[in-house]
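As a plain string of letters, each chain reads:
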Amino acid sequence: MNDFKQFAKAQGLKLVPFLVTLVLYFSLVRKDPQGELWTTVLKCLPIVALMFYMVAKGITLKKEYRRSLWILLGLVFSCGGDALLNINLFPFGMISFGVAHVFYISAFGWKPVKWLIGLVLYVAVSLFVYFVHKKLDEVLIIGVPIYCYLITTMLWRSLARAVASTNFLTIFCAIGAILFVISDALIAVTMFVGVPLPFARLQIMITYYAAQFAIGLSTADDGPAVRRTFHKKIK
């Protein structure tokens, strides 16, 4: 347990910038942004801080760090998506987040497959797409279904890894994927269904940042030496 606490403390120091930028965003951005440069910067800073964490914990082009590289690229495109959404370029922001999910899917891999999980998720998202497609315009009627299936695939791959693993970081990553879907679902019900949610922006951003945090932290055991030490400490 002491070894685990030391491990958590070592990771925590690298995550201080993320925590600081979160405080800045939620304390300074008090209402829905209107495309201002300063709110765009503050919105992106926590994701930039997670990129810093990815680099600070150690990352190379070697095979052992491939998952970290994919997730780092996912964070880069997520940051781009945040900026585009904040300046009201929703279709382009959705494309950027779609690319981010492709990188996350690559990071999570395809083994084990767990077809049943995928089937259940795809049936659910298909019902959602059918329900909202009449509310979409010419661009979104194509983009939204594609994005929905991408994020659903990302969720499937993270859950498939988690149910076959006892590693808490893998399970934590799946929790992050679930929170990502919840965050996007909150956006969907407010934009496309017209459901008025109390403190909608706070709900969306809290679940979003928590999701990215969990996905980023899941790479803490990347690298052969780190992974062996980590697994030894949590036994």
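Residues numbered from 1 in each chain as written. Predicted model: local features only at pLDDT ≥ 70, side-chain atom pairs only at ≥ 80, totals over all residues. Heavy atoms only, no water.

Chemist: So what's going on with the packing of aromatic side chains? Residues and values would help.
Modeler: Scanning the model with the defined rule gives 17 aromatic pairs in all. Pairing phenylalanine 26 with tyrosine 209 gives two aromatic rings, centres 5.9 Å apart and planes at 90 degrees, and the pair type is edge-to-face. Note that phenylalanine 26 is positioned in helix α2 (residues 16-28) and tyrosine 209 in helix α9 (residues 200-217), a separation of 183 residues in sequence. Overall, the relative accessible area of 2% leaves tyrosine 209 in the buried class. These aromatic residues form a ring-pair network of at least three members: Tyr25, Phe26, Phe97, Phe180, Tyr208 and Tyr209. (Phe/Tyr/Trp six-rings, centres within 6.5 Å; stacked < 30°, edge-to-face > 60°. Helix = DSSP H or I, 4+ residues; strand = E, 2+ residues; numbered from the N terminus. Buried < 20%, exposed > 50% of the residue type's maximum accessible area, 1.4 Å probe, protein only.)

Chemist: Lay out the UniProt feature "transmembrane region" (unreviewed entry) in the chain with the relevant residues and their values.
Modeler: According to UniProt, the feature "transmembrane region" (unreviewed entry) maps to residues 12-29, 35-56, 68-85, 91-108, 115-133, 139-156, 168-193 and 199-220 in the numbering used here. A distance of 31 Å separates the end C-alpha atoms of residues 35-56, which is 91% helix and 0% strand. The span residues 199-220 is 82% helix and 0% strand, and its two end C-alpha atoms sit 33 Å from each other. (UniProt positions renumbered as here; feature names shortened; annotations may be inferred.)

Chemist: Talk me through unusual backbone geometry; I want residue IDs and the actual numbers.
Modeler: Trans is the prevailing form of peptide bonds, just as negative phi is the prevailing case for residues other than glycine. Cis geometry marks the peptide bond from lysine 111 to proline 112, where omega comes out at -5 degrees. Structurally, proline 112 can be placed in the loop between α5 (90-108) and α6 (115-132). Phi is positive for lysine 114, which is not a glycine, with a value near 55 degrees. Mapped onto the fold, lysine 114 is located in the loop between α5 and α6. Look at lysine 114 and you get partly exposed, because its relative accessible area is 36%. The phi angle at phenylalanine 199 is positive, at roughly 50 degrees, despite the residue not being glycine. Along the polypeptide, phenylalanine 199 turns up in the loop between α8 (168-193) and α9. Accessibility expressed as a relative area gives 66% for phenylalanine 199, which makes it exposed.

Chemist: Tell me about the pattern of salt bridges, and please be specific about residues and values.
Modeler: In total, this model carries 3 salt bridges according to the counting rule given. A salt bridge links arginine 67 to aspartate 221, with the nearest nitrogen and oxygen atoms 3.3 Å apart. Linking arginine 67 in helix α4 (residues 66-86) with aspartate 221 in the loop between α9 and α10 (224-234), this pair joins segments that are 154 residues apart in sequence. Using a relative accessible area of 14% as the deciding quantity, one classes arginine 67 as buried. (Salt bridge = Lys/Arg side-chain N within 4 Å of Asp/Glu carboxyl O.)

Chemist: Talk me through α9; I want residue IDs and the actual numbers.
Modeler: Between its first and last C-alpha, α9 extends 26 Å over 18 residues, near the 26 Å set by a 1.5 Å rise per residue. Burial within α9 is extensive, with 13 of its 18 residues counted as buried. (Expected span 1.5 Å × (residues − 1).)

Chemist: Describe the environment of tyrosine 147, and please don't skip the residues or the numbers.
Modeler: Here tyrosine 147 lies in helix α7 (residues 140-163). When the C-alpha positions of tyrosine 147 and isoleucine 175 are compared, they lie 20 Å apart, and in sequence the two are 28 residues distant. The residues touching tyrosine 147, leaving out its near neighbours within four places in the chain, are Met94, Phe97, Gly98, His101, Phe180 and Asp184. There is a polar contact of 3.0 Å between the side chain of tyrosine 147 and the side chain of histidine 101. A polar atom in the side chain of tyrosine 147 sits 2.3 Å from the side chain of aspartate 184. (Contact = heavy atoms within 4.5 Å. Polar contact = N/O pair within 3.5 Å; in protein donor to acceptor, adjacent residues only side chain to side chain.)

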